[in-house]
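So you can see what is in the structure, the chains are spelled out below.
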Amino acid sequence: MVQQQKQHDFLITGTHDEANRQAYTANLRMHVLAKIGEGLKDVYDHKAAPAFEKATGRAPKDGREAMKAILDDPYGKTWSSMIHTCQEMIWDSVRPAVERAQPEFNEKVRGLNAQHGSLTLDPGVEVPRYVSASDIHLMPGNYHTEHDKDDSTQGALFDRGLYLYQGGFAGPLCDNNGRSQAEVIKRRWPDFKPQKILDIGCTVGNNTLPYADIFPDAELHAVDVAAPCLRYGHARAEALGVPCHFHQMNAEDTAFEDESFDLIVSCILFHETSRTGLAKILKECRRLLKPGGMMLHMEVPRTEGLDPYSAFRLDWDTYYNNEPFLSTWMRTNVSDACVDAGFDAEEYIHIAAPDLGSVPDEEFERYATAEDSASSTHGHWGELVLWNMYGAWK
Amino acid sequence: MSDKIKITPVNRGKRPAFFDDPAIDQLMAIVMSMSAEMSVLYDRVDTIERLLDNKGTLSRDDIEAFRPDQDTEDERNVRRNEYIARLFRIIHEERESLVSHDKMDEYNELMDELAKP
């Protein structure tokens, strides 16, 4: 069964009824996503694609055409309307509890006596347009909005909403992605012992903190542009007793010195950037890495080389879950982008692996260590998803 | 003290309508919200029953303070998922009907067949 979210001093779940409404909303979303969502394939094969073919004289050729065919079908309309509503319901189920906790909650975060890590904010950091242009994942207020002085509201909203969005499948700390990537690094390169690690685009640090578990000798740093997430993330890390240094910086242009880090990672960040943002971030990673250091960035599966139906499942979020750059990311040649940033083509890394714990450990190990693990990189939400990890050695 | 915080969308954009009539999208959202409220009510009843089983008495404070342990939450998740499956039966049925034959077509064909002299 799915584990409940781990309670800590700063997690807000609200009243008896609010917590149960949140739990139900997570159940509902997973049902619509996986159970009703898996019917889309039958609808596509038996109804939507034949109807498209009848109208145009040919089969849908890509994800966009498959989406058009499915959205013309009543089942596709119903599913889309439902999953979109679920996404809104997730945030709506958390919002009243977070609002009611203020302003005392901000006071509590402000009064924190840090024992393990640190928080360094820089109000001069501008939120790039690719973050501010839309409420990503329909989260009202997005990552960065400050409703008050020293505000942590959006961080609290995101932490609880993220757990519900994942239906608990990323674990009680919502950290399975970061944990899985850290495990891949450790198992694939057992002699690589990073001393300084940087996570870029960390939000509330949920996928940052597992690096402290898996590389306990390393000094852990994390950057993001969104102050409310950093304040909350710092408080959360302290409550969980994990040492991590949070900095408000733009990953395109950080304030760290050249060659500061052995390992730079990100977790599902790139598809929320832009083409130019991505190029700058990769260049900055190269500047920040020590010689012999590595960067590795985890991302969602790609539509490249996928059949139109599978591409549709991934493209849907681009259009309707406020992920405007997901589609651009899907069509980016990452290997070329790394070379353009100054990395050697021979040092390019591309790995695909499922979440740790989603498959038997031997199977995870196989993905983590296989030469050609990236040869099959498909997966639909609600099914076994293989995450892609892209990077390079310096 | 500052004013109470209201979390509002800053850049969400227009709500998409998937049906030809946006009122159907709204109706869908209402039905789904209503399904959540029924589940919340059921969980409250469940809390009351558990408190009565354990203590034999009840207070509102006890209800508000009750938080399910993992076993209780597992049970609730099973019940919620069964409830959701019953609620959206009609959608699953549409899918199941796709891969089998159309009974009405079959019937009409039969009628045509029998109507022949």
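Residues numbered from 1 in each chain as written. Chains lettered and ligands numbered in written order. Predicted model: local features only at pLDDT ≥ 70, side-chain atom pairs only at ≥ 80, totals over all residues.

1. What about the overall build of chain A?
Keep this limit in mind: Numbering of helices and strands starts at the N terminus; helices are DSSP runs of H or I of at least 4 residues and strands are runs of E of at least 2. The quantity called the radius of gyration is restricted to C-alpha atoms. Its globule counterpart is 2.2 Å times the number of residues to the power 0.38. Between the buried cut of 20 or more and the exposed cut of 12 or fewer other C-beta atoms within 10 Å of a residue's own C-beta lies the partly exposed class, and all C-beta atoms are placed from the backbone.
In terms of helices and strands, chain A carries 15 helices and eight strands. Scaling as 2.2 N^0.38, a compact globule of 394 residues should have a C-alpha radius of gyration of about 21 Å, and chain A matches this with 21 Å. By the burial criterion, 57% of the 394 residues in chain A qualify as buried.

2. What about the overall build of chain B?
Along its length, chain B carries five helices and zero strands. Traced from its N-terminal end to its C-terminal end, chain B shows the element sequence α-α-α-α-α. The C-alpha radius of gyration of chain B comes to 24 Å, more than 25% above the 13 Å expected for a compact globule of 117 residues. Counting all 117 residues of chain B, 15% fall into the buried class.

3. Here we look at the interface of chain B and chain A
Applicable threshold: Any two residues are considered in contact once their C-beta atoms, placed from the backbone, lie within 7 Å. Ten residues, namely Ala, Val, Leu, Ile, Met, Phe, Trp, Tyr, Cys and Pro, are considered nonpolar, four, namely Asp, Glu, Lys and Arg, are considered charged, and the remaining ones, Gly among them, are considered polar.
Each side of the interface is counted separately: chain B has 42 residues, and chain A has 50 residues. Counting residues per element, the ones that place at least two in the side of chain B that touches chain A are helix 1 (22–55), helix 2 (60–65), helix 3 (70–87) and helix 4 (89–99) of chain B. Examining the composition of the side of chain B that touches chain A, we find that 11 residues originate from one element, helix 1 of chain B, more than from any other. Counted by class, the side of chain B that touches chain A contains 20 nonpolar, 10 polar and 12 charged residues.

4. Considerations on the pairing of strand 2 (residues 196–200) of chain A
Residue and element names in this part refer to chain A. Keep this limit in mind: In this scheme, strands are said to pair when DSSP sees at least two bridges between them.
Of all five residues making up strand 2, four are buried, and the element is well covered by its neighbours. By the bridge criterion, five bridges tie strand 2 to strand 3 (residues 219–224) in an arrangement that is parallel. Counterpart to K196 in the pairing with strand 3 is E219. Pairing analysis gives four bridges linking strand 2 to strand 5 (residues 261–267), with the strands arranged parallel.

5. Things to note about the confidence of the model for chain A
Note the threshold: A score from 0 to 100, pLDDT tells how confident the predictor is in each residue.
Confidence in the prediction of chain A, expressed as mean pLDDT, is 92, and 96% of residues score 70 or more. Counted against residues more than four places away or in other chains, residues 377–382 of chain A, with its pLDDT under 50, gives 19 contacts.

6. Topic: the packing of helix 1 (residues 16–36) of chain A against helix 4 (residues 74–101) of chain A
Residues and elements named next belong to chain A. This is how it is decided: For every element, the axis is a line fit to its C-alpha atoms; helices are fit only across the contacting stretch, and the angle between N-to-C directions ranges from 0 to 180 degrees. Angles are sorted into four bins: roughly parallel if under 35 degrees, roughly antiparallel if over 145, roughly perpendicular if 65 to 115, and oblique for all others. In this scheme, a crossing is called left-handed if the near helix is turned counterclockwise away from the far one by less than a right angle; it is called right-handed if the turn is clockwise.
The N-to-C vectors of helix 1 and helix 4 enclose an angle of 160°; their axes lie 9 Å apart at closest approach. Considering the angle they form, helix 1 stands roughly antiparallel to helix 4. Helix 4 is crossed by helix 1, and the crossing has left-handed handedness. In this structure, helix 1 uses E18, R21, Q22, T25, L28, R29, V32, L33 and I36 to contact helix 4, whose residues at the interface are W79, M82, I83, C86, M89, I90, S93, V94, P96 and A97. Taken together, the residues of the contact of helix 1 with helix 4 sort by class into 13 nonpolar, three polar and three charged.

7. Observations regarding the sheet that holds strand 3 of chain A
Residues and elements named next belong to chain A. Across the sheet, which stays open at both edges, the eight strands sit in the order 1-4-3-2-5-6-8-7 with mixed pairing between neighbours. In this open sheet, the two edge strands, each paired with only one partner strand, are strand 1 (118–120) and strand 7 (348–354). When strand polarity is set aside, the average angle formed by the axes of neighbouring strands in this sheet is 20°. Where helix 10 (residues 227–240) meets the sheet, its contacts fall on strand 1, strand 3 and strand 4 (245–248), and the angle it forms with strand 4 comes to roughly 170°.

8. Quick notes on helix 7 (residues 153–165) of chain A
Rules: Working rule for helices: expected span equals 1.5 Å times residues minus one.
Along its 13 residues, helix 7 of chain A runs 18 Å from first to last C-alpha, staying within 8% of the 18 Å computed at 1.5 Å per residue. Within helix 7 of chain A, 13 of the 13 residues are buried, which leaves it mostly tucked inside the rest of the structure.

9. Here we look at the environment of A:A218
Residues and elements named next belong to chain A. In this fold, A218 is placed in the loop between helix 9 (210–214) and strand 3. A218 sits in the partly exposed class, given 18 other C-beta atoms within 10 Å. If near-sequence neighbours (up to four positions away) are discounted, A218 is found in contact with P194, Q195, K196, I197 and Y211.

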